[in-house]
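So you can see what is in the structure, the chains are spelled out below.
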Amino acid sequence: MKLVYIKEDACVECKLCELACYVEHSPTKDILDAYEMEIRPMPRCEVDVELPYSASIMCRHCIDAPCLTACQNGSIYKDERGAVIVNEKTCVGCWMCIMMCSYGVIKRDTRHGYFGISTKCDLCPERETPACVDSCPNGALLYDDRG
Amino acid sequence: MMIGDRNMRYIVIGNSVAGLSACETIRNNDKSADITVIADEPFFAYSRPLLSDYITGHVKIEDDRFHYRRDSFYDDLRIEKKFGKRARQIVAKSKKVLLDNSEAVEYDKCLIATGGVPFVPPNLKNSSVEGVHFFTNLTYALELEKALKKAKKIVVVGAGLIGAKLAEKLSLYGFDVSIVELTNKILGLALDGPSSSLVAAQMSKAGVNVITEDSVNEILGTTKCEGVVLASGKKIECDLTIMAIGVKPNTSVAKESGIAVNRGIAVSETMQTSVKDIYAAGDVVELHDTVFQMNHPIPVIPWAAVCGRIAGENMSGIYKSFNGGFPVNSISIGDISFVSMGYVETPDDCRQYINDKRIDEGIYRKVIVKDGIIKGAIFMGDIERAGMISAMIKDNTDVSAFAERIVENDFWWHSLDRTLREKLTRRA
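Residues numbered from 1 in each chain as written. Chains lettered and ligands numbered in written order. Predicted model: local features only at pLDDT ≥ 70, side-chain atom pairs only at ≥ 80, totals over all residues.

J.: Before we move on, could you go through the overall build of chain A and cite the residues and values that matter?
T.: When helices and strands are tallied, chain A shows five helices and eight strands. For chain A, the succession of helices and strands along the chain, N to C, is β-α-α-β-β-α-β-β-α-β-β-α-β. Since a compact globule built from 147 residues should have a radius of gyration of about 15 Å, the 15 Å found for chain A is in line with a globular shape. At a minimum sequence separation of 6, the contacts of chain A that also span at least 24 residues come to 58%. (Helix = DSSP H or I, 4+ residues; strand = E, 2+ residues; numbered from the N terminus. Rg over C-alpha atoms; globule rule 2.2 N^0.38 Å. Contact = placed C-beta atoms within 7 Å.)

Written out as C-alpha cells, the structure reads:
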C-alpha cells in the first residue's frame with residue numbers, strides 16, 4: 001500500500017496541509033463553504049513545530065495497528081487499500097485507540113453530541129493522492145509505496 | 001487444515017473480546033475449520049464499557065455501536081453459535097467440552113475466554129435480599145434496568161472504573177447516588193492523589209455523594225434492600241445497592257477441568273494452559289506484567305484482544321508469543337478524560353515528572369521513570385499523546401534525554417531526538 005512519507009527537512013510550517021485536509025473532509029470540499037461551517041472538520045494532519053524542526057504528522061496506517069485492536073466496538077477497520085479507518089457512525093469516543101497509538105495522531109472530536117469521535121487520517125479515499133500531499137508546496141510530504 | 005478427512009475443530013468458550021479476536025485469527029489462517037463459540041449469555045457480543053450508556057438510554061441493544069462486531073460477523077466467519085449454554089467442564093482425555101445441558105462437543109483445540117465475574121466481599125451481611133445488584137454483563141444490566149424503574153436512592157459499592165462511571169451516569173440521570181470506596185481515593189488503581197481528587201470533584205458536580213475510607217458491612221431490609229450500614233457505623237437509606245468492588249477471573253471451567261489456576265488461569269507465552277491443546281485468553285488469565293514484574297490478571301480490552309489473537313495464531317499452527325503487558329486505562333468522568341498506564345503512584349526507586357500548572361482546568365500529567373525507562377503515566381484532560389507513552393513502555397525506550405519534556409503540554413514528535421523520530425516513522 002501507499003503511505004504519506006514525512007520529510008521534516010523540507011517542511012516550512014505553512015500549514016497548507018492542515019487547510020487542505022479539513023477542506024477535503026468537508027461536505028462540499030469547497031474552501032469557502034468549509035470555512036463558513038459552524039463546526040469545521042478537524043484537520044487530521046497537524047504541523048508539529050519546534051524550530052528549526054517542523055513536520056506535518058498524521059496516521060502511519062500501521063500494518064498491525066494497535067488502535068484497531070484496542071477498539072471496544074469494532075469501529076476501527078482496514079479498508080481495501082490497507083488504510084486504517086474510523087467508522088464515525090459507531091465510534092463512542094472511549095479513546096482507547098488514543099491510549100494505544102504509538103504516534104499520538106488520533107484526535108478527539110467532542111463537538112457532535114453525546115459520543116465523542118476519534119478523528120484521524122483516512123488517506124483521502126476519494127482522491128488519488130491525499131490532499132495534504134497535493135497541497136504541500138515544498139515536497140515535505142510524499143505519497144509512495146510502503147518500503 | 002484437515003485432520004485425516006475432516007476439518008480441524010476449534011471450540012471457543014466465551015463470546016467477547018478475546019474469544020472473538022481468536023475466531024478472527026483462526027478463520028484467517030484456516031478457511032475450512034469448524035469454529036464453535038459457546039457462551040452462557042444469549043446475546044450477540046456487545047461492548048461492556050457501554051453498559052452504563054445502555055442504562056441511561058444513550059445506546060440501545062440493537063444499535064451497531066453497542067455490538068463488538070457488525071451484524072454479519074458470525075455468518076461471515078462461519079461460526080457455529082451455541083449461546084445460552086454454559087460450558088461446565090473440558091475433558092482433555094477425550095477432547096470434549098461438556099455443557100450444562102449434558103451435551104458434549106468435541107474439539108481439536110479449545111480456548112477458554114470466559115472473562116470475569118464480580119467479586120463479592122465474603123463478610124457482607126444480608127447480601128441475598130432483593131435489590132442487591134451487579135453490573136459486569138448485559139444480563140446484570142437488564143436486571144438493574146428493571147429494578148431502577150422503582151428506585152430513587154442508590155448506593156454503589158466500590159469506586160473503580162465500573163462503579164465510578166455508573167454512579168456518575170445514574171446521578172446525571174436523576175437518581176440520588178452515593179458511592180462508597182474502601183481506600184482513600186476513587187479510581188485508586190488508575191489515578192494518583194491529585195488526579196483522583198479532580199475526578200472526585202467531577203463526581204460531586206454530577207451530584208454523587210462520594211464517601212471514601214469506608215465500606216459496606218451490611219445490607220438493611222428483611223426481603224428488600226432498604227439501606228446499607230457502613231464500617232464507620234453510618235447508615236445510608238437506599239432502594240438498590242450495586243456491588244462494583246471489582247472482577248475476578250471466571251475460572252470455574254478451568255478448575256473443573258484440572259487446568260492450573262493461580263490468580264487467573266496460568267498460560268505460557270503462546271497462551272496455552274497447563275493442558276495441551278487448551279488455551280486461554282482475556283480477563284480470565286493472568287498475564288506477565290512488565291511494569292509490576294509479576295503475573296496477575298490485567299482485565300482490559302486491548303490485552304484481551306491482543307492475547308485472543310495470539311491464542312488464535314498458535315491454535316491454528318502459527319507460533320506467536322506474548323511478551324507481557326501492563327495496566328492501561330482510558331475513561332471519561334464528567335468533562336474530564338484521562339488515560340493512565342503502569343504505575344500511578346511513584347515507587348521509591350523511580351523518578352517522577354509532574355506538570356500540574358493547569359490542574360484547575362482539569363489538565364494534569366505525570367510520568368514515572370526508572371533507570372531511563374518509563375514505568376507509568378497519567379494523562380488527564382489532554383490525552384492525545386498518551387499512546388506514545390504506552391508504546392515506549394512496551395518497547396523499553398530509553399527516555400533519559402527527554403523525560404521531563406513528556407509532561408510538557410505540547411509534548412509530541414518535536415520533543416524526541418531525530419533518531420527516535422526517524423525510528424518512529426520507519427516502524428509503521
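J.: Any details on the domain arrangement of chain A? Residues and values, ideally.
T.: All names here are of chain A. Domain boundaries in chain A define domain 1 (1-58 + 126-147) and domain 2 (62-120). Spacing between the C-alpha centres of domain 1 and domain 2 amounts to 19 Å. Every contact between the two is made by six residues of domain 1 and, on the other side, eight residues of domain 2. (Domains from an automatic or database assignment.)

J.: Tell me about the interface of chain A and chain B, residues and numbers included.
T.: With 31 residues of chain A at the contact, the number on the chain B side is 32 residues. No other element matches helix 4 (residues 96-100) of chain A, which puts four residues into the side of chain A that touches chain B. Residue composition of the side of chain A that touches chain B, grouped by class: 18 nonpolar, eight polar and five charged. (Nonpolar A, V, L, I, M, F, W, Y, C, P; charged D, E, K, R; others polar.)

J.: Go over the sheet that holds strand 3 (residues 9-13) of chain B with me, naming the residues and quoting the values.
T.: Residues and elements named next belong to chain B. Here we have five strands laid out as an open sheet, ordered 5-4-3-9-21, and parallel in their pairing. A single partner strand is all that each edge strand has here, and the edge strands are strand 5 (79-83) and strand 21 (278-280). Here the strands of the sheet are splayed against their neighbours by 20 degrees on average, with no regard to which way each runs. Relative to strand 9 (residues 109-112), strand 3 runs parallel, the two being bridged by four bridges. Within strand 9, the position partnered with Ile 11 by the bridge is Cys 110. (Pairing = 2+ DSSP bridges. Axes fitted to C-alpha atoms, helices over the stretch in contact; angles between N-to-C directions.)

J.: Provide a residue-level description of helix 8 (residues 301-315) of chain B, including the pertinent values.
T.: Residues three or four positions apart in an α-helix share a direction because the helix packs 3.6 residues into each turn. Residues and elements named next belong to chain B. Taking 1.5 Å per residue, 15 residues should reach 21 Å; helix 8 reaches 21 Å between its end C-alpha atoms and fits that length. A large share of helix 8 lies buried, amounting to 15 of its 15 residues. Where helix 8 ends, the next residue or the one after it, Gly 317, has phi of about 95 degrees, a positive value. (Expected span 1.5 Å × (residues − 1). Buried ≥ 20, exposed ≤ 12 C-beta atoms within 10 Å, placed from the backbone.)

J.: Lay out the confidence of the model for chain B with the relevant residues and their values.
T.: Here chain B averages 96 in pLDDT, and 99% of its residues register 70 or above. Taken over the whole predicted complex, pTM reads 0.96, whereas the ipTM for its chain interfaces reads 0.96. (pLDDT = per-residue confidence, 0-100.)

J.: An account of the nonpolar core is needed here, citing residue identities and associated values.
T.: Ranked by size, the top nonpolar core spans 176 residues in total, and within it Cys 97 and Cys 132 of chain A together with Leu 111, Ala 280, Ala 281 and Cys 307 of chain B carry the most contacts. At nine residues, the largest contribution of residues to this core is made by helix 8 of chain B. Leaving out residues up to four positions away in the same chain, Cys 307 of chain B has contacts with Ala 18, Met 271, Ala 281, Gly 282, Val 285 and Phe 322 of chain B. (Core = buried A, V, L, I, M, F, W, Y, C linked by C-beta atoms within 7 Å.)

J.: So, the sheet that holds strand 17 (residues 235-237) of chain B: which residues are in play, and what are the values?
T.: Residues and elements named next belong to chain B. If you walk across this open sheet you meet the three strands as 15-16-17, and the pairing is antiparallel. Two strands close off the open sheet at either side, each with one partner strand: strand 15 (216-220) and strand 17. Going from strand to strand, the sheet's axes swing by 20 degrees on average, the running direction of each strand aside. Strand direction decides the pairing type here: strand 15 and strand 16 (residues 227-230), joined by four bridges, are antiparallel. For Val 216, the partnering residue across the bridge sits in strand 16 and is Leu 230.

J.: Account for the domain arrangement of chain B, naming residues and giving values.
T.: Residues and elements named next belong to chain B. Its domain assignment divides chain B into domain 1 (2-116 + 248-315), domain 2 (132-245) and domain 3 (335-427). Each of domain 2 and domain 3 has a C-alpha centre, and the two are 32 Å apart. Counting from both sides, the interface comprises eight residues of domain 2 and, opposite them, 13 residues of domain 3. A per-class count over the side of domain 2 that touches domain 3 returns five nonpolar, two polar and one charged.

J.: Can you tell me about the packing of helix 1 (residues 17-29) of chain B against helix 8 of chain B, naming the residues and giving the values?
T.: Residue and element names in this part refer to chain B. Viewed as axis vectors pointing N to C, helix 1 and helix 8 meet at an angle of 35 degrees, and their least axial separation amounts to 7 Å. When you trace helix 1 past helix 8, the crossing you get is right-handed. Counting all contacts with helix 1, which are made through Val 17, Ala 18, Gly 19, Ser 21, Ala 22, Cys 23, Thr 25, Ile 26 and Asn 29, the residues of helix 8 involved are Ile 301, Ala 304, Ala 305, Cys 307, Gly 308, Arg 309, Ala 311, Gly 312, Glu 313 and Met 315. Per-class residue counts for the contact of helix 1 with helix 8 are eleven nonpolar, six polar and two charged. (Left-handed = near helix turned anticlockwise from the far one by under 90°.)

J.: Tell me about helix 6 (residues 193-205) of chain B, and name the residues and values.
T.: All names here are of chain B. With 13 residues, helix 6 should reach 18 Å at 1.5 Å per residue; the first-to-last C-alpha distance of 18 Å fits that figure. Listing the buried residues of helix 6 in full gives Ser 195, Ser 196, Leu 198, Val 199, Ala 200, Gln 202 and Met 203. Along its buried surface, helix 6 packs onto helix 5 (161-172), strand 14 (209-212), strand 24 (328-333), strand 25 (336-342), strand 27 (364-370) and strand 28 (373-380). Two residues or fewer after helix 6 comes Gly 207, characterised by a positive phi angle close to 100 degrees.

J.: An account of the environment of Lys 423 of chain B is requested, with residue identities and associated values reported.
T.: Its place among the elements puts Lys 423 of chain B in helix 11 (residues 418-427). On a C-alpha basis, the gap between Lys 423 of chain B and Leu 148 of chain B in space is 53 Å, while along the polypeptide they are 275 residues apart.

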